[in-house]
Amino acid sequence: MIKTKKKKYKLHVKTGDRVIVISGKDKSKIGNIKTVDTKLGRVVVEGVNFITKAMKPNPMRNVRGGLIKYEAPIRSSKVMLCCPKCEKPTRIRHEIIEDGQKTRVCKKCGEQIDI
Ligand SMILES: [Zn+2]
């Protein structure tokens, strides 16, 4: 059997970024990215896409049981990065700076987002 290479998504956002949700029930909510899953192309955004799950108590895993609310991952294409400078949802482009490092640049104001 031939093993297929697992595709990794190249995401425009990373942990700690401030993003705005552009579709779905949490549209136009703003939050920080908590985790990024490059294998599934999904992100978890603080305060966005809360789901409630009924959990059975499990002392082994330190779960008290009952209804537990937590943020579920959403597709990364549903979020747009908020530029820290012009404070607007923006598209980014990649640029290579002097020492060969990649940086993301706001397409609207040209500000470097990763410093
Ligand atoms: Zn900007």
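Just so it is clear, the structure is predicted and the values come from calculations on it, not from any experiment.

Undergrad: For this particular structure, what's the right way to read the pairing of strand β10 (residues 102–106)?
TA: As a general feature of sheets, a regular strand has side chains that alternate between the two faces. For β10, the buried fraction is high: four of the five residues fall into the buried class. Judged from the five bridges that link them, strand β9 (residues 92–96) and β10 form a sheet pairing that is antiparallel. Considered in β10, the bridge of Ile96 is made with Lys102. Hairpin remark: β9 followed by β10, antiparallel, with five residues in the connecting loop; positive phi at Gly100, about 85 degrees.

Undergrad: What's the story with unusual backbone geometry in this structure? I'm lost.
TA: A negative phi angle characterises most non-glycine residues, just as the trans form characterises most peptide bonds. Notably, Asn49 is not glycine yet its phi reads approximately 60 degrees, a positive angle. Tracing the backbone shows Asn49 in the loop between β3 (42–45) and β4 (50–55). The backbone of Glu87 sits at a positive phi, close to 55 degrees, despite the residue not being glycine. Here Glu87 is to be found in the loop between β7 (79–82) and β8 (89–90).

Undergrad: Where do I start with the coordination of the zinc ion in this structure?
TA: Ideal values for angles at a metal depend on the geometry: 109.5 degrees with four tetrahedral donors, 90 or 180 degrees with six octahedral donors. Coordination of the zinc ion by the protein is provided by Cys83 (SG), Cys86 (SG), Cys106 (SG) and Cys109 (SG), with metal-donor distances spanning 2.2 to 2.3 Å. The site at the zinc ion holds four donor atoms, and with the angles between them running 102 to 117 degrees, its shape is tetrahedral. Read in sequence order, the donor residues for the zinc ion give the motif C-x2-C-x19-C-x2-C. Here the residue Cys86 occupies a position in the loop between β7 and β8, and Cys109 occupies one in the segment after β10, the gap between them amounting to 23 residues.

About the cut-offs
Residues numbered from 1 in each chain as written. Predicted model: local features only at pLDDT ≥ 70, side-chain atom pairs only at ≥ 80, totals over all residues. Heavy atoms only, no water. Buried < 20%, exposed > 50% of the residue type's maximum accessible area, 1.4 Å probe, protein only. Helix = DSSP H or I, 4+ residues; strand = E, 2+ residues; numbered from the N terminus. Pairing = 2+ DSSP bridges. Donors = N, O, S within 2.8 Å, 3.2 Å for Na, K, Ca; no water. Tetrahedral: all angles 85-135°; square planar, octahedral: opposite > 155°, others 65-115°.

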